[in-house]
Amino acid sequence: MAKEVVAVLMGSKSDFPVLEGAFKIFKEFGVGFKARVLSAHRTPEEAAKFAADAEGAGFRVILCAAGMAAHLGGVVAAHTTLPVVGIPVASEPFHGMDALFSFVQMPPGIPVATVTAGKAGGRNAALYAIEILALGDPGLAEKLKAYRRKQAEQVLAADAELQQDLEDAGYYR
Ligand code: RP5
């Protein structure tokens, strides 16, 4: 098993679907991670302790997903100098705007890098963590470049398919 270098914290097990894409990306890149349910409000002492111990435990980046009044990223960032990436989770009645502002509106001095809400945010947070790790890992940097190339090829293949579909349907005549 790969050494766990990314910590993925979620405020509730109900946040899991937002992070599933991140777990798949870490697996694809061979990046070891540890996921935990830890809440800034419901388990404040455990969350703070995890953050304070994270660097010594070998983690290099911490992802935090939470919804509503999402203080997890801020609380974790307050207890570590490791980079913290916040993933807002959408919930009723404000559809993630509440969590987005909670993550993004950190006071100067304690940054939390915030991605978009939802599954896209989960995936981008994983890729951003890998970009950070790749700064000191040429093999990982190469995998990121290959990932981008594959992604571009998929878009170009979709474009070619679209051209063919429109041609076949007679829209270009
Ligand atoms: C937040 O409250 C969690 O991150 C979750 O998004 C939201 C609701 O939690 P549950 O009531 O589903 O446990 O702390």
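This text goes with the structure placed above it.
Since we're looking at a predicted model, the values are computed, not measured.

## Some points on helix H4 (residues 97-104)
Reasoning step 1: Burial in H4 covers these residues: Asp98, Ala99 and Phe103. Relative to the axis of H4, the buried residues are bounded by an arc of 125 degrees and lie together on one face.
Reasoning step 2: On its buried face, H4 sits against strand S3 (61-67), helix H3 (72-78), strand S4 (84-89) and strand S5 (113-114).

## Quick word on the nonpolar core
Reasoning step 1: Among the nonpolar cores identified, the biggest contains 30 residues, and Val6, Phe26, Phe29, Val31, Leu63, Ile87 and Ile130 are the most heavily contacted of them.
Reasoning step 2: Breaking this core down by element, the ones donating at least two residues are strand S1 (4-10), helix H1 (16-29), S3, S4, helix H5 (118-134) and helix H6 (138-168).
Reasoning step 3: A domain split of this core shows at least three residues from each of domain 1 (4-136) and domain 2 (138-173).

## Notes on the side chain of serine 39
Reasoning step 1: Mapped onto the secondary structure, serine 39 falls in the loop between strand S2 (32-37) and helix H2 (44-54).
Reasoning step 2: Engagement of the side chain of serine 39 in a polar contact is seen with the backbone nitrogen of histidine 41, the distance being 3.1 Å.
Reasoning step 3: A distance of 2.8 Å separates a polar atom in the side chain of serine 39 from the backbone nitrogen of arginine 42.
Reasoning step 4: Not counting residues up to four positions away in its chain, the partners in contact with serine 39 are Gly11, Pro44, Ala47 and Leu72.

## Re the site of the ligand
Reasoning step 1: The immediate surroundings of the ligand are formed by Gly11, Ser12, Ser14, Asp15, Arg42, Ala66, Gly67 and Met68.
Reasoning step 2: Within the side chain of serine 14, an N or O atom sits 2.7 Å from an oxygen atom of the ligand.
Reasoning step 3: Here arginine 42 contributes a side-chain N or O atom positioned 2.8 Å from an oxygen atom of the ligand.
Reasoning step 4: Relative to its unbound accessible area of 370 Å², the ligand is 73% covered by the protein chains.
Reasoning step 5: Considering only residue class, the shell around the ligand consists of two nonpolar, four polar and two charged.

The rules behind each value
- Residues numbered from 1 in each chain as written.
- Predicted model: local features only at pLDDT ≥ 70, side-chain atom pairs only at ≥ 80, totals over all residues.
- Heavy atoms only, no water.
- Buried < 20%, exposed > 50% of the residue type's maximum accessible area, 1.4 Å probe, protein only.
- Helix = DSSP H or I, 4+ residues; strand = E, 2+ residues; numbered from the N terminus.
- Arc of directions from axis to C-beta.
- Contact = heavy atoms within 4.5 Å.
- Core = buried A, V, L, I, M, F, W, Y, C linked by side-chain atoms within 4.5 Å.
- Domains from an automatic or database assignment.
- Polar contact = N/O pair within 3.5 Å; in protein donor to acceptor, adjacent residues only side chain to side chain.
- Near = heavy atom within 4 Å.
- Areas by Shrake-Rupley, 256 points an atom, 1.4 Å probe, with all protein chains shown as cover.
- Nonpolar A, V, L, I, M, F, W, Y, C, P; charged D, E, K, R; others polar.

Remember that the coordinates give geometry; whether it matters functionally is a separate question.
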